[in-house]
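# Secondary and tertiary structure notes
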Amino acid sequence: MELPFYLTFKEFESHYYDTLEQWFEKYHNASEIDYLKALADLYSPYLYYSFADDKLLADASMEIKDCFLPYHEKIGISFCTNCENEKHFKAKGMNHIFEWKTITMMEYAQHILDKINRYLLKNDSVLDRNKTILDYINDCEVVTAREGAGYCVNYNRHQAAVPFLKTYLPCYGQTVDIAVYRDFIFSVVQIAEYIDKKLKSVQAFEYTVYAKLKSEAKFKVQMSHQFLTICN
């Protein structure tokens, strides 16, 4: 069952038991703990554990390849000193070079929205008029299309963002809603705390979002320390 993704705590709380009922109808032998574990997995990617505050904080971001072409600058085109003529240049071809960059989920959503709108504009004559932007969110050809320099979307990484995009992106339009995104950033910690409160009430502390992200944070610190020790 694909769990609905909510951008506000109010929506999440008001639909909690309705979705739980659907969960039981789909999975007859499942428990509420199983449901809560699935919710924890759904929302934990948008949070992180802060050692300084000893609590969960919002971190809705995406690591993505910022691609560019050899001999091409961000603005303008530089001379290709190794290319004697245009024929030689084309024969060699140009592969993307990239650097990793971390962007907010709002920026990522806008990037995907721009890709979809460019595709719709380019293929206007063959479009199904019954389809909306949401129908193309997970279209591999559309979201991974390379159009020169810019962000290069990895389709496998993209899957983690699909639940958020389905809820956040508009059915029609050119821009994402900043106010809605801001509400989500304020709400996601509350949603996690609600999930954890439910898990604690049934003594399932090890499955809480807090425990999961704290453990992951400690592991990253330990690995970092081991790496520095090896280097020294």
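Residues numbered from 1 in each chain as written. Predicted model: local features only at pLDDT ≥ 70, side-chain atom pairs only at ≥ 80, totals over all residues. Heavy atoms only, no water.

Here we come to the overall build of the protein. When its secondary structure is counted, the protein shows 9 helices and 5 strands. The order of α-helices and β-strands along the protein, N terminus first, is α-α-β-β-β-α-β-α-α-β-α-α-α-α. Taken over 232 residues, the protein has a buried fraction of 33%. Working note: accessible area of the protein is about 14,600 Å², and carbon and sulfur atoms make up 53% of it. (Helix = DSSP H or I, 4+ residues; strand = E, 2+ residues; numbered from the N terminus. Buried < 20%, exposed > 50% of the residue type's maximum accessible area, 1.4 Å probe, protein only. Areas by Shrake-Rupley, 256 points an atom, 1.4 Å probe, with all protein chains shown as cover.)

Moving on to the confidence of the model for the protein. With 81% of its residues at a pLDDT of at least 70, the protein reaches an overall mean of 85. Taken element by element, the protein is modelled with least confidence in helix H3 (residues 86-92), mean pLDDT 43, and with most confidence in helix H8 (residues 178-201), mean pLDDT 97. Low pLDDT, under 50, characterises residues 72-93; the predicted model gives this stretch 18 contacts beyond four residues in sequence or across chains. (pLDDT = per-residue confidence, 0-100. Contact = heavy atoms within 4.5 Å.)

Okay, the nonpolar core next. Judged by nonpolar contacts, the single largest core of 56 residues is most densely connected at Tyr43, Tyr108, Phe164 and Ile195. No other element matches H8, which puts 9 residues into this core. The contact partners of Phe164, leaving out residues within four places of it in the chain, are Phe5, Leu7, Tyr46, Met105, Ala109, Tyr181 and Phe184. (Core = buried A, V, L, I, M, F, W, Y, C linked by side-chain atoms within 4.5 Å.)

According to the stated counting rule, one finds 1 disulfide in the structure shown. With a sulfur-sulfur separation of 2.1 Å, Cys67 is cross-linked through a disulfide to Cys152. Placement of the pair is Cys67 in strand E3 (residues 61-68) and Cys152 in strand E5 (residues 150-152), with a sequence separation of 85 residues. Each member of the pair Cys67 and Cys152 is classed as buried. (Disulfide = S-S within 2.5 Å.)

Our focus in this paragraph is unusual backbone geometry. A positive phi angle, near 50°, is found at Asp54, a position not held by glycine. Among the structural elements, Asp54 can be located in the loop between strand E1 (47-50) and strand E2 (55-58). One non-glycine residue, Gln203, adopts positive backbone phi at about 65°. On the secondary structure map, Gln203 appears in the loop between H8 and helix H9 (209-231).

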